[in-house]
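Secondary and tertiary structure notes
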Amino acid sequence: MDTKTIKKETNTTQTTERISGSEAIIKCLLAEGVDTLYGYPGGAIMPVYDELYKYQDKIHHVLTRHEQGATHSAQGYARISGKVGVAIATSGPGATNLITGIADAQIDSTPMVCITGQVASHLLGSDAFQETDIVGISTPVTKWNCQITKASDIPEVIAKAFYIAKSGRPGPVLIDITKDAQFEEFDFNYEKCKGVRSYIPIPKLNHNQVEAAAKLINSVKKPMIVWGQGVALGQAEAEFKAVVEKAGIPSAWTILGAGAIPTSHPLNIGMVGMHGNYAPNVLTNECDLLIAIGMRFDDRVTGNLATYAKQAKVIHFEIDPAEIDKNVKTDVAVLGDAKQSLAALLPLLEEKTHPEWHQKFKDLYAIEYEKVIKNDIHPTKEGLTMGEVLQEINSQTKGDAAIVTDVGQHQMIACRYANFNKTRSNITSGGLGTMGFGLPAAIGAKMAAPEREVISISGDGGYQMTIQELGTIFQQKVPVKIVVLNNEFLGMVRQWQQLFFDKRYASTEMTNPDFVAIAKGYFIEAEKVTKREDLKDAVAKMINTDGPYFLEVCVEKEDNVFPMIPTGASVSDVRLE
């Protein structure tokens, strides 16, 4: 390896070394602090894997069993740690298999860099073996993407990719690198990206807008906060808690916002949305001020926009200008980083408690408890419910576990009944609703936070979409705990069929394999529970096992998740049964 010193126009000196493009990729990743990446090798990315072989002591490559699993693992890694997750794949089908995870990361604002190999540059456009226009395919679902055909472009593009992925509102970036660029040698040096022309990741805070927000908050009698993932992404949990407590405002969360303040906090009034808590949904249409913090007014939160919070003034704290007035018209928009914005707001707020307003939330919670919650967590029926399984996990983990869910009924039950004492504890697919997310995302989460208990909760449908990642758990010895709530149905779809399609259960009943035998086939300890009296000991055994563990719990086949806001209905039309 040749090294030489070059003198730049700034009169600073930098040492460069002549290396291949593939080695440069590894060195760039190391310079960005990457210690773990998830991927699957193939012909067009083989030069990079050859270099990875030489750097095994510095960067850990996790061989997933499917490229989709690589992206979801990278997402789980990023979501629990706040770092950029990295996934790598070959061209053609390897690259296209990343798309679901990339799209999921885009809509859920997850920082991720995906690197794909590509056919040699002289073959581009020739329909060569395993050639796919992955840049064209991924453009709608990435924050930025780029194809590299010259090795000398690798350092600048990778530096830019990491900067874009993690700055401002985070998101996924894809870099496609031709095979000849991976082989080509050049004089390598690396500088981290500190800015991109015309890209303003954090808008400058307008203090007049902060003052207008404070004035409005101080003047109202029935304020309500709905917060989203932007609080955690901005590392603004402490500032948020201080604002909530000083102003005494009842505060509800979207599923990605869960945990920014603990579930048990007296001002935490629960989850909003289609299967959210009764009180915050109904009282959204009674508050006189709705304060949205780091959330995007998703349709699952708002229901029918024509009837959503029309009586209320609206303040929106948001980092992405594109989200302002996109769905809900705001009276005051505070653009900026949540941590900075809330810190500026705090000293301007008056101390208040709003006791009569709080009592309304307590009264409606009592109604929900009697009609829904009590039956979910203390059932009188013979069969096990999903709610009581979550309650038992809560009891034994003290609410300190990170819960990683798949998508479906179990996801909504987990969000409703899990206790989240810590931030970044509810790791789930929010905007895209990706079945198969849970198991591989739990792998990444556990590897990023080995000190935390990480529990994957899936339904029998979504679990089988990425069940092959049990092989990754076995090979990597990842001590993740896996719970499958088995109702032998695609439960959420079946619920809709029951309620809105006269119980025509079209293609939703599942004939399942022996899940325990499959887990044991991967040398993972496993157990199946069918009776209530066995649940407590089974959960205890799972939690106390040092390595990975699989627990199947057979639950009621036709239980439904309530409350529920039917599609197109108002949030105040939430159903309790």
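Residues numbered from 1 in each chain as written. Predicted model: local features only at pLDDT ≥ 70, side-chain atom pairs only at ≥ 80, totals over all residues. Heavy atoms only, no water.

**Points about the overall build of the protein**
Of the regular secondary structure elements, the protein holds 23 helices and 21 strands. In the protein, which comprises 577 residues, the proportion classed as buried is 59%. Long-range pairs, those at least 24 residues apart, make up 76% of the contacts in the protein between residues at least 6 apart in sequence. The protein carries 57 positive and 69 negative side-chain charges, and their two centres are separated by 4 Å. (Helix = DSSP H or I, 4+ residues; strand = E, 2+ residues; numbered from the N terminus. Buried < 20%, exposed > 50% of the residue type's maximum accessible area, 1.4 Å probe, protein only. Contact = heavy atoms within 4.5 Å. Lys, Arg positive; Asp, Glu negative; His and termini not counted. Charge placed at Lys NZ, Arg CZ, Asp CG, Glu CD.)

**Notes on the packing of aromatic side chains**
How two aromatic rings sit relative to each other is set out by the distance from centre to centre and by the angle between their planes. Scanning all chains against the criterion turns up twelve aromatic pairs. Taking 5.6 Å as the distance between ring centres and 70 degrees as the angle between the ring planes, the aromatic pair formed by Tyr463 and Phe515 counts as edge-to-face. With Tyr463 in helix α19 (residues 460-463) and Phe515 in helix α22 (residues 515-521), this pair connects stretches of sequence that are 52 residues apart. Neither Tyr463 nor Phe515 differs from the other in exposure class; each is buried. Linked through ring pairs, Tyr463, Phe515 and Phe550 together constitute an aromatic cluster. One residue, Arg494, lies across the ring of Phe489, its end atom 5.8 Å from the ring centre. (Phe/Tyr/Trp six-rings, centres within 6.5 Å; stacked < 30°, edge-to-face > 60°. Lys NZ or Arg CZ within 6 Å of the ring centre and 35° of its normal.)

**Looking at the sheet that holds strand β15 (residues 332-335)**
Read from one edge to the other, the open sheet built from six strands follows the order β12-β11-β10-β13-β14-β15, with strand pairing classed as parallel. This sheet does not close on itself; its edge strands, each paired only once, are β12 (268-271) and β15. The sheet shows a mean angle of 20 degrees between the axes of neighbouring strands, taken without regard to direction. In this sheet, strand β11 (residues 251-253) lies alongside strand β10 (residues 223-227) in parallel orientation, the contact comprising three bridges. Within β11, the position partnered with Trp227 by the bridge is Trp253. Along the sheet, helix α9 (residues 207-219) makes contact with β13 (289-293), β14 (313-318) and β15, crossing β15 at roughly 135 degrees. Running over the sheet, helix α14 (residues 338-345) touches β13, β14 and β15 and is turned about 130 degrees from β14. (Pairing = 2+ DSSP bridges. Axes fitted to C-alpha atoms, helices over the stretch in contact; angles between N-to-C directions.)

**A look at the side chain of His316**
Looking at where His316 falls in the secondary structure, it is placed in strand β14. Judged by relative accessible area, which is 0%, His316 ranks as buried. Once you skip the residues sitting within four places of it in the chain, His316 turns out to touch Ala292, Met295, Phe297, Glu323, Ile324, Thr330, Val332, Ala333 and Val334.

**Let's talk about the domain arrangement of the protein**
Here the protein is partitioned into domain 1 (17-188), domain 2 (207-360) and domain 3 (382-555). Computed from C-alpha coordinates alone, the two centres of domain 1 and domain 2 are separated by 37 Å. On the side of domain 2, seven residues touch domain 1, which itself brings seven residues to the contact. For the pairing of domain 1 and domain 2, the buried interface totals around 630 Å² over both sides, and the portion due to carbon and sulfur atoms is 54%. Area buried by domain 1 at its contact with domain 2 is led by Arg79, Asp108 and Arg169, which between them contribute 64% of it. Measuring nitrogen to oxygen at the nearest pair gives 2.9 Å for the salt bridge that ties Arg169 to Asp320. At the boundary of domain 1 and domain 2, one finds three residue pairs in polar contact (both at pLDDT 80 or more). Each residue belonging to the side of domain 1 that touches domain 2 can be placed in one class, and the counts come to two nonpolar, two polar and three charged. (Domains from an automatic or database assignment. Buried area = accessible area lost by both parts, 1.4 Å probe. Salt bridge = Lys/Arg side-chain N within 4 Å of Asp/Glu carboxyl O. Polar contact = N/O pair within 3.5 Å; in protein donor to acceptor, adjacent residues only side chain to side chain. Nonpolar A, V, L, I, M, F, W, Y, C, P; charged D, E, K, R; others polar.)

**Structural notes on the environment of Asp50**
Mapped onto the secondary structure, Asp50 falls in helix α2 (residues 46-54). Here the alpha-carbon distance between Asp50 and Glu23, two residues 27 residues apart in the chain, equals 8.8 Å.

**Notes on the pairing of strand β5 (residues 85-89)**
Most of β5 sits inside the fold, with five of its five residues counted as buried. By the alternation rule, side chains of β5 split into Gly85, Ala87 and Ala89 and Val86 and Ile88, which are all buried. Taken together, the two bridges between strand β3 (residues 36-39) and β5 define a ladder with parallel strand orientation. Its bridge partner being in β5, Tyr38 is matched across the sheet by Ala87.

**Considering helix α1 (residues 21-31)**
Taking burial as the measure, the eleven residues of α1 include eight buried ones, the bulk of the element. Regarding α1, the residues found buried are Gly21, Ser22, Glu23, Ala24, Ile25, Ile26, Cys28 and Leu29. Of the residues trailing α1, Gly33 is marked for its positive phi of about 80 degrees.

**Thoughts on the confidence of the model for the protein**
Chain-level pLDDT for the protein is 96 on average; 98% of the residues reach the 70-or-more range. Counting contacts from residues 1-13, a segment whose pLDDT is below 50, to residues more than four positions away or on other chains yields 25 contacts. (pLDDT = per-residue confidence, 0-100.)

**A look at the pattern of salt bridges**
All told, the structure shown has 24 salt bridges when counted by the stated rule. We note a salt bridge from Asp331 to Lys313, for which the minimum N-O separation is 4.0 Å. Placement of Asp331 in the loop between β14 and β15 and of Lys313 in strand β14 is noted, with a sequence separation of 18 residues between them. Judged by its relative accessible area of 43%, Asp331 is partly exposed. A salt bridge links Asp502 to Arg504; the nearest nitrogen and oxygen atoms lie 3.4 Å apart. Of the two residues, Asp502 and Arg504, both sit in the exposed class. The network of salt bridges with shared partners includes Arg169, Asp320, Glu323 and Lys326.

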